[in-house]
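Residues per chain, in single letters:
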Amino acid sequence: MTIATTTSEQHQEHHPDLRVWGLLTFLISESLMFGGFFATYLYLRGGTEVWPPEGTEVELFLPTINTIILVSSSFVIHFGDKAIKKNNVKGMRFWYILTAIMGAIFLGGQVYEYATLGYGLTTNVFANCFYLMTGFHGLHVFVGLLLILGVLWRSRHEGHYSATKHTGIEMAEIYWHFVDIIWIILFTLVYILTLF
């Protein structure tokens, strides 16, 4: 056994891997930020007679398709995690590529929706809330895509991920599930509840 190996083993013994814990702490802080958005939205909605104001209605068809795509991608990315736990790197890559495509389609749908709505960020308070919340969520989807692409990039190296070494894959999956959960809440508040 070499000195370098011994030092590496001692380093691991004294410093447990807290990357997942760090990610969860970050996601809790992000949840609080989204919670502030949601609480403000509900407060403003409760204090307004007509919500959304005339001329700033939301379309339901495209966002529903987008929701189906994003929620389905949570199951798809989980298949990638299951594949790597069976030491199937090619399978993991397939499911992660498919998830990345679904995420990109979601973002493309969101951009298309923005381009066709007919109102902007400063039209009224509803439009402001709409663009801030969906835009902030879209930013999180984009970051999730970068994480997924980072996993795919690293998986090019033989042995980087395996059945016993897959923390990066799990972290990307946890983050993606968070993005999906936030979208379900956002979709319910901004799209579904505006019908009532």
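Bear in mind the structure is a predicted one, so any value in this text is a computation, not a measurement.

Caption draft 1: Seen up close, the overall build of the protein. If you tally the helices and strands in the protein, you get six helices and zero strands. In sequence order, the secondary structure elements of the protein are arranged as α-α-α-α-α-α. In terms of its C-alpha atoms, the protein occupies a principal-axis envelope of roughly 75 × 35 × 25 Å. When burial is assessed residue by residue, the protein has 39% of its 196 residues classed as buried. Counted over contacts in the protein with a minimum sequence separation of 6, partners at least 24 positions apart contribute 80%. If you sum the accessible surface of the protein, you get close to 11,100 Å²; carbon and sulfur atoms cover 69% of it. One way to put it: in the protein the 10 positive side-chain charges average out to a point 14 Å from where the 14 negative ones average out.

Caption draft 2: Focus on the nonpolar core. By size, the foremost hydrophobic cluster in this structure holds 44 residues, and its most contacted members are Tyr41, Met92, Tyr96, Phe130 and Val190. Of all the secondary-structure elements, those providing two or more residues to this core are helix H2 (19-46), helix H3 (61-85), helix H4 (89-116), helix H5 (125-154) and helix H6 (167-192). With residues near it in sequence (within four places) discarded, tyrosine 96 still touches Ile77, Gly80, Asp81, Ile148, Val151, Leu152, Ile169, Ala172 and Glu173.

Caption draft 3: Up close: the packing of aromatic side chains. For the structure on display, the rule yields 22 aromatic pairs. Taking 6.1 Å as the distance between ring centres and 35° as the angle between the ring planes, the aromatic pair formed by phenylalanine 34 and phenylalanine 38 counts as tilted. Residue phenylalanine 34 and its partner phenylalanine 38 are both found in helix H2; the two are separated by four residues, about one turn of the helix. Taking the relative accessible area as the measure of exposure, phenylalanine 38 reaches 9% and is therefore buried. Within the aromatic cluster, the residues linked to one another by ring pairs are Tyr41, Trp51, Phe106, Tyr114, Tyr119, Phe126, Phe130, Tyr131, Trp183, Phe187 and Tyr191. A cation sits over an aromatic face here: arginine 156 above tryptophan 153, 3.6 Å from the ring centre.

Caption draft 4: Looking closely at unusual backbone geometry. Of note, the bond from tryptophan 51 into proline 52 is cis; its omega dihedral lies within 30 degrees of zero at -5°. Here proline 52 lies in the loop between H2 and H3.

Caption draft 5: Spatial organisation of the pattern of salt bridges. Evaluation of the coordinates by the stated rule reveals two salt bridges. For the salt bridge of aspartate 81 with lysine 85, the shortest nitrogen-to-oxygen distance reads 3.0 Å. On the criterion of helical spacing, the pair formed by aspartate 81 and lysine 85 is a turn pair, its members being four residues apart in helix H3. Its relative accessible area of 4% is what places aspartate 81 among the buried residues. Note on lysine 85: relative accessible area 41%, which makes it partly exposed. The salt bridge partner of lysine 85 is glutamate 170, with a shortest N-O separation of 3.2 Å. In this pair, lysine 85 is assigned in helix H3 and glutamate 170 in helix H6, connecting sequence segments 85 residues apart. Here the salt bridges share partners, and the residues they tie into one network are Asp81, Lys85 and Glu170.

Rules behind the numbers
- Residues numbered from 1 in each chain as written.
- Predicted model: local features only at pLDDT ≥ 70, side-chain atom pairs only at ≥ 80, totals over all residues.
- Heavy atoms only, no water.
- Helix = DSSP H or I, 4+ residues; strand = E, 2+ residues; numbered from the N terminus.
- Buried < 20%, exposed > 50% of the residue type's maximum accessible area, 1.4 Å probe, protein only.
- Contact = heavy atoms within 4.5 Å.
- Areas by Shrake-Rupley, 256 points an atom, 1.4 Å probe, with all protein chains shown as cover.
- Lys, Arg positive; Asp, Glu negative; His and termini not counted.
- Charge placed at Lys NZ, Arg CZ, Asp CG, Glu CD.
- Core = buried A, V, L, I, M, F, W, Y, C linked by side-chain atoms within 4.5 Å.
- Phe/Tyr/Trp six-rings, centres within 6.5 Å; stacked < 30°, edge-to-face > 60°.
- Lys NZ or Arg CZ within 6 Å of the ring centre and 35° of its normal.
- Salt bridge = Lys/Arg side-chain N within 4 Å of Asp/Glu carboxyl O.

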